[in-house]
Amino acid sequence: MFPRYVVVLALLLTVFLLALMPATMLWDWDEPLYARTGIEMFQSGDLMMPRFNGETFPHKPPLGYWLMGLSTLIFGETEFGARFFSGPAIGFSVLLLYSIARQMFGSYVARKSVVVFATGLLTLYLGAAAMMDAVLLLGMMLSMWAAVKILYSPELGTSGLVKLLAVFGVGMLVAMLVKGPVGPVLLGAAVTGIWLALPSDRRPSFKAYWGLVLAGTVALGLFMVWFIPANNLSNGELVREGVMVHIVGRALAPMEGHGGQGAFGYLMFLPVYIPAIFLLFMPWPVYLPDLLSGIKLRFSENRKEWTILSVWFLSTLVIFSLAATKLPHYIFPVSAPLAIAISASIFSGSKRATPNWVGLAFLVFFYVGLGGVIIWAGMSFAVGFYSFTIVSSGLLFTGFAVWVIYRRATGNLPRELAIGSLISVFVLYWAVLPGLEPSFKISREVGQAITENISADSAIYMVGYSEPSLIFYASREVDHPIRETSVNAFTEVLQKTQEGYLVISLQELKSFEAEYGMVEFTEISSHSAYNFNKNGVLEYVYLLRWSEKPGT
């Protein structure tokens, strides 16, 4: 079904992504949330209801958690175990992308589309992260593959149509089980828009379209087989939190500061994903100015293909742009049509395209800017001998931009962009981030101190430091979670137990010592870092043993 070249490329990409996974801690706020939820579902044996730190966690449906929980059972509760399934998901998406692009533009452009997609920065990041986006994309690509096959097979027989509709429904179900309504909304908008935008002589009958609607409806029914009983078990919390807050709420208002406040802020942030695309999919947006300037000619030459790509791309861009909450990785689904469009614009026709100076300016801005930040970070925050390594890596990023400009006149620039992107990301993961982690992330250190000094059944509370990554690295059993408390609530804790442990910030510790003179606080370890998830705030965190003083 797929040429050996593409299968090998997909395998190599998957191996590359797997090699990135153990290089860094779980940096992103969501990674430990999702990974730990998967672990706790398997620890408790309750695969129906997602839970984090012993409490219901209704943010997302369960498929992503199932995959992370399963991989940690196999590979251990490590960064690699938590991130494992993202790599194969991207690998399978590559195969589907190739098949879609080949249907539209032929095998040569399809092979290049795979390279462009596989070496974009956001693909490499999300393919090596414990996030939901890679699996979501796989589900969406499966559905789009079936839809495109139907679009290019107007005389498809009943048997063949039913098979493709089944594949479409499976992809839709995967997307729903990963991120709920997001997948169906994006897929429904793309497929409906394509059907309406294409002339009647360029598409199958609406009978096939309504078959897709039916397949999506069946997928929704199968999704409800999980959702309805799980919502009942949570006393409606899946609807209140998972749907009304984390779907509807994020669309209507910026959550956690991810977007502009008020009507003016909303309007200001409406176009934010446009510059984001130029930055997040580097190095390939170097070709975007040429692509946009020649779009009219391409429509006249391949109207059906460019209509499909445009609607697929724009429907996703518009939906996420209209949502009030903006996060960079939300826009990842546009990477597939964007990769095909860039490849078709570079490699279609008799003359290979070269990036103009506008596109090169974007590339220089990104890589020189990133190189400068890396050099500054290496000089300011690096640990030990890593300073030289990080500064050298920053110079490498800057040198890559200079090299691309120098090599612009050659015919192999796309190959050089792809290789340069892979080298840059590998260096970033293995030479830069490990040397900066101790200055920005302390959860792993605190977690190790907990596992080395505290028995599995001891009571642990956290005050003023509630990083999800702490819960992951402490690796507690689900029936002995780390609970949160405060100065006022600690009175209730003392009524339940006379001794235990605290993970506490310096500011909160002073308040505790002033309020509870009858309690003895013994320091086990201390840690400090510029908390990455709190915009670099310098935090001092202590692991303490507390017990009531004799005679109190």
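A brief structural summary. Predicted model only: the values in this text are computed from it and were never measured. (Residues numbered from 1 in each chain as written. Predicted model: local features only at pLDDT ≥ 70, side-chain atom pairs only at ≥ 80, totals over all residues. Heavy atoms only, no water.)

**Things to note about the overall build of the chain**
Scanning the chain for helices and strands turns up 25 helices and seven strands. Its C-alpha atoms give the chain a radius of gyration of 25 Å, within 12% of the compact-globule value 24 Å for 552 residues. The principal-axis extent of the C-alpha atoms belonging to the chain is close to 90 × 55 × 50 Å. Partitioning the contacts of the chain with sequence separation of at least 6, the portion at a separation of at least 24 is 74%. If you sum the accessible surface of the chain, you get close to 23500 Å²; carbon and sulfur atoms cover 64% of it. (Helix = DSSP H or I, 4+ residues; strand = E, 2+ residues; numbered from the N terminus. Rg over C-alpha atoms; globule rule 2.2 N^0.38 Å. Contact = heavy atoms within 4.5 Å. Areas by Shrake-Rupley, 256 points an atom, 1.4 Å probe, with all protein chains shown as cover.)

**A closer look at the side chain of serine 99**
If you trace the backbone, serine 99 turns up in helix α5 (residues 86–105). When sequence neighbours within four positions are dropped, the list of residues in contact with serine 99 reads Phe2, Trp145 and Lys149.

**A word on unusual backbone geometry**
Look at the link from methionine 282 to proline 283: it is a cis peptide, with omega at 10 degrees. You can see proline 283 is positioned in the loop between α14 (273–280) and α15 (288–293). In the Ramachandran plot, asparagine 235 falls in the positive-phi region, its phi being about 55 degrees despite a non-glycine side chain. Turning to its location among the elements, asparagine 235 is positioned in the loop between α11 (206–233) and α12 (237–252).

**As for the packing of helix α10 (residues 182–197) against α11**
In a packed pair of helices, the relevant descriptors are the angle between the two axes and the axis-to-axis distance. Their axes nearest at 11 Å, the elements α10 and α11 cross at an angle of 175 degrees. Considered as vectors, α10 and α11 are oriented roughly antiparallel to each other. Here α10 contributes Val191, Thr192, Trp195 and Leu196 to the contact with α11, which in turn contributes Phe206, Ala208, Tyr209 and Leu212. Counted by class, the contact of α10 with α11 contains seven nonpolar, one polar and no charged residues. (Axes fitted to C-alpha atoms, helices over the stretch in contact; angles between N-to-C directions. Parallel < 35°, antiparallel > 145°, perpendicular 65-115°, else oblique. Nonpolar A, V, L, I, M, F, W, Y, C, P; charged D, E, K, R; others polar.)

**Concerning the packing of aromatic side chains**
One pass over the full model with this rule turns up 35 aromatic pairs. With centroids separated by 5.2 Å and ring planes inclined at 75 degrees, the aromatic side chains of phenylalanine 490 and tyrosine 516 adopt a geometry described as edge-to-face. Pair noted here: phenylalanine 490 is in helix α24 (residues 490–496) and tyrosine 516 is in the loop between α25 (506–515) and β6 (519–531), with a separation of 26 residues, a long-range link. On the basis of relative accessible area, tyrosine 516 is assigned to the buried category, the value being 6%. Among the aromatic residues, those joined into a cluster by ring pairs are Trp27, Trp376, Phe381, Phe440 and Tyr530. (Phe/Tyr/Trp six-rings, centres within 6.5 Å; stacked < 30°, edge-to-face > 60°. Buried < 20%, exposed > 50% of the residue type's maximum accessible area, 1.4 Å probe, protein only.)

**Quick word on the packing of helix α8 (residues 133–151) against helix α9 (residues 158–179)**
Between α8 and α9, the shortest axis-to-axis distance is 8 Å and the interhelical angle comes to 160 degrees. One element, α8, and the other, α9, form an angle in the roughly antiparallel class. Between α8 and α9 the crossing geometry is left-handed. Residue-level inspection shows Asp133, Val135, Leu136, Gly139, Met140, Leu142, Ser143, Trp145, Ala146, Ala147, Lys149 and Ile150 of α8 in contact with α9, the latter providing Leu161, Leu164, Leu165, Val167, Phe168, Val170, Gly171, Met172, Val174, Ala175, Val178 and Lys179. Grouping the constituent residues of the contact of α8 with α9 by class yields 18 nonpolar, three polar and three charged. (Left-handed = near helix turned anticlockwise from the far one by under 90°.)

**Comments concerning the pairing of strand β7 (residues 537–548)**
Alignment of strand β5 (residues 499–505) against β7, held across seven bridges, turns out to be antiparallel. What sits directly across from glycine 500, in β7, is tryptophan 546. Bridge count between β6 and β7: twelve bridges; the pairing is antiparallel. Bridge assignment links tyrosine 530 to a residue of β7, and that residue is leucine 538. Following β6, the chain reverses through five residues before pairing antiparallel with β7; asparagine 535 in that reversal takes a positive phi of roughly 60 degrees. (Pairing = 2+ DSSP bridges.)

**Observations concerning the pairing of β5**
Of all seven residues in β5, six are buried; the element is thus mostly enclosed. Where strand β3 (residues 460–463) and β5 come together, four bridges link them in parallel fashion. Counted as the bridge partner of isoleucine 460 is tyrosine 501 from β5.

**Quick look at the environment of arginine 250**
Tracing the chain through its elements places arginine 250 in helix α12. Taking relative accessible area as the criterion, arginine 250 reaches 13% and is therefore assigned buried. When sequence neighbours within four positions are dropped, the list of residues in contact with arginine 250 reads Val245, Met255, Glu256, Ala323, Ala324, Thr325, Leu327 and Tyr330. Within polar-contact distance, the side chain of arginine 250 engages the side chain of histidine 246 at 3.5 Å. (Polar contact = N/O pair within 3.5 Å; in protein donor to acceptor, adjacent residues only side chain to side chain.)

**Looking at α8**
Two residues of an α-helix separated by three or four positions point the same way, owing to the 3.6 residues in each turn. With 19 residues, α8 extends 26 Å from end C-alpha to end C-alpha; this agrees with the ideal 27 Å at 1.5 Å per step. Taking burial as the measure, the 19 residues of α8 include 16 buried ones, the bulk of the element. (Expected span 1.5 Å × (residues − 1).)

**What about the environment of glutamate 301?**
Within the secondary structure layout, glutamate 301 lies in helix α16 (residues 295–301). Accessibility expressed as a relative area gives 54% for glutamate 301, which makes it exposed. It is 27 Å that separates the C-alpha atoms of glutamate 301 and valine 6, two residues lying 295 residues apart in sequence.

**Observations regarding the pattern of salt bridges**
Side-chain pairs of opposite charge can arise where the charged atoms are in close proximity. Scanning all chains against the criterion turns up ten salt bridges. As a salt-bridge pair, glutamate 40 and arginine 36 come within 3.0 Å of each other at their nearest N and O atoms. With glutamate 40 and arginine 36 both in helix α2 (residues 30–44) and four residues apart, this pair spans about one turn of that helix. For the pair formed by glutamate 40 and arginine 36, the shared burial category is buried. For arginine 51, the salt bridge identified is with aspartate 46, shortest N-O distance 2.6 Å. According to the relative accessible area criterion, aspartate 46 is partly exposed, its value standing at 24%. By sharing partners, the salt bridges in this structure join Arg36, Glu40 and Glu77 into a single network. (Salt bridge = Lys/Arg side-chain N within 4 Å of Asp/Glu carboxyl O.)

**A closer look at the nonpolar core**
For soluble globular proteins, the rule of thumb is that nonpolar side chains tend to be buried together. By size, the foremost hydrophobic cluster in this structure holds 166 residues, and its most contacted members are Ile450 and Val503. The element contributing the most residues to this core is α8, with 13 residues. Once residues within four sequence positions are removed from consideration, valine 503 is found in contact with Val446, Ile450, Ile460, Tyr461, Met462, Val463, Tyr465, Leu470, Val541, Tyr542 and Leu543. Within the second largest apolar cluster, 16 residues are counted, among which are Tyr461, Val487, Leu509 and Tyr516. (Core = buried A, V, L, I, M, F, W, Y, C linked by side-chain atoms within 4.5 Å.)

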